[in-house]
Structures are given as C-alpha cells and as structure tokens.
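# Fold and geometry: a report
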Amino acid sequence: MSPRPLSAAGRLFAVAAFLEALTWAGLLVGMLLKYGTGTTDLGVWLFGRLHGAAFLFYVVVSLYAGVRLRWPLWALLVALLAAIPPLVTVPVEMWFRRIGLLSQPAPAGARAST
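To keep things clear, this report deals only with the structure shown in the data block. Note that this is a predicted model, so its numbers are computed, not measured. Numbering of residues begins from 1 in every chain and follows the order in which that chain's sequence is written. With pLDDT at 70 or above as the cut-off, local features in this predicted model cover only qualifying residues; side-chain atom pairs require 80 or more to be listed or tallied, and sums for whole chains, interfaces and linings still use all residues. With hydrogens and water excluded, all non-hydrogen atoms of the structure serve as input to the side-chain values.

### Considerations on the environment of A8
Filter applied, for reference: Put simply, DSSP H or I for four residues or longer makes a helix, DSSP E for two residues or longer makes a strand, and each gets a number counted from the N terminus.
Secondary-structure assignment places A8 in helix α1 (residues 8-37). When the C-alpha positions of A8 and L69 are compared, they lie 9.8 Å apart, and in sequence the two are 61 residues distant.

Following this line, the structure appears as structure tokens:
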C-alpha cells in the first residue's frame, strides 16, 4: 500500500514541525552553553527569539492544518501539545504522516479501495 501524497497543508505542517524542533534543539544547546559551561549567552539570545517565532508559526499552522484537513479533535490536541516538550513535533509529524492525517481527506461519500 503506497501512502497518499501530502497535501499542501500537510507539507506546511511538516516544515513547521521540523523548524519548531530545530529551534528547540538550538535553544537547548544555547542553554547548555549559558548555564552549563557559562561561556556565552548568545545561543539563548538567538535561539530564544527564533524558537518563539517557530513555536507561534507551528501553533498557527497546526490550527490551519487541523481545520483544512479535518483532523479529529484528539489529533489537533496532540499536535498542539507536541510543541511543549522539546523535540516532540517531529515524531508527531512522522506519526501523522504514517496514519494519513497529512494527506488530503477523501471526498465525502468516496469509497475506500480494498
């Protein structure tokens, strides 16, 4: 069984999930440098701002994708909650891709192929 191609909203969600996780990782490294080694606070300064923007982008894109792709409420809540712990948006995106939530929903009344 070949997976259905991602919709435009699904691709946007995948990008947002990756950016949110990438900036989380940068912020974690920045916090290690600032609080762990005491060498510099540049990483926290830079990635704090980038992650704030990426977080807001991810939340907006999650809401957009949830409405556009007609996600069930549980999926929308999982997507939004995934932004809180570090680096969880990528596994959630992979799971949503695997179960077909990032593909265009079938038209109403369409029959599933066997």
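### A short note on unusual backbone geometry
What counts is decided by this rule: Relative accessible area decides the class of each residue, using a 1.4 Å probe on protein chains only: under 20% of the type maximum gives buried, over 50% gives exposed, and in between gives partly exposed.
Even without glycine at this site, R70 takes up a positive phi of about 55 degrees. Taking the relative accessible area as the measure of exposure, R70 reaches 54% and is therefore exposed. Located in the positive-phi region is L87, a residue other than glycine, with phi close to 65 degrees. Residue placement: L87 occurs in the loop between α3 (73-81) and α4 (89-99).

### Some points on the packing of aromatic side chains
Put simply, the test is: Each Phe, Tyr or Trp ring, with Trp reduced to its six-membered ring, pairs with another whose centre is within 6.5 Å; inter-plane angles below 30 degrees give stacked pairs, above 60 give edge-to-face pairs, and intermediate values give tilted ones.
In total, this model carries seven aromatic pairs according to the counting rule given. These aromatic residues form a ring-pair network of at least three members: F13, Y58, W71, W74, W95 and F96.

### Some points on the nonpolar core
The nonpolar side chains of soluble globular proteins are, as a tendency, buried together. As a reminder of what qualifies: Residue types Ala, Val, Leu, Ile, Met, Phe, Trp, Tyr and Cys, when buried and joined through side-chain atoms within 4.5 Å, form a set referred to as a nonpolar core. Here, two residues are considered to be in contact whenever any of their heavy atoms come within 4.5 Å of each other.
By size, the foremost hydrophobic cluster in this structure holds 19 residues, and its most contacted members are F13, Y58, A65, W71, A79, F96 and L102. When residues of this core are traced back to their parent elements, those giving at least two are α1, α2 (42-68), α3 and α4. Ranked by residues supplied to this core, first place goes to α1 with four residues. Ignoring anything within four residues of it in the chain, the contact list for F96 reads F13, W71, W74, A75, V78, A79, L101 and L102.

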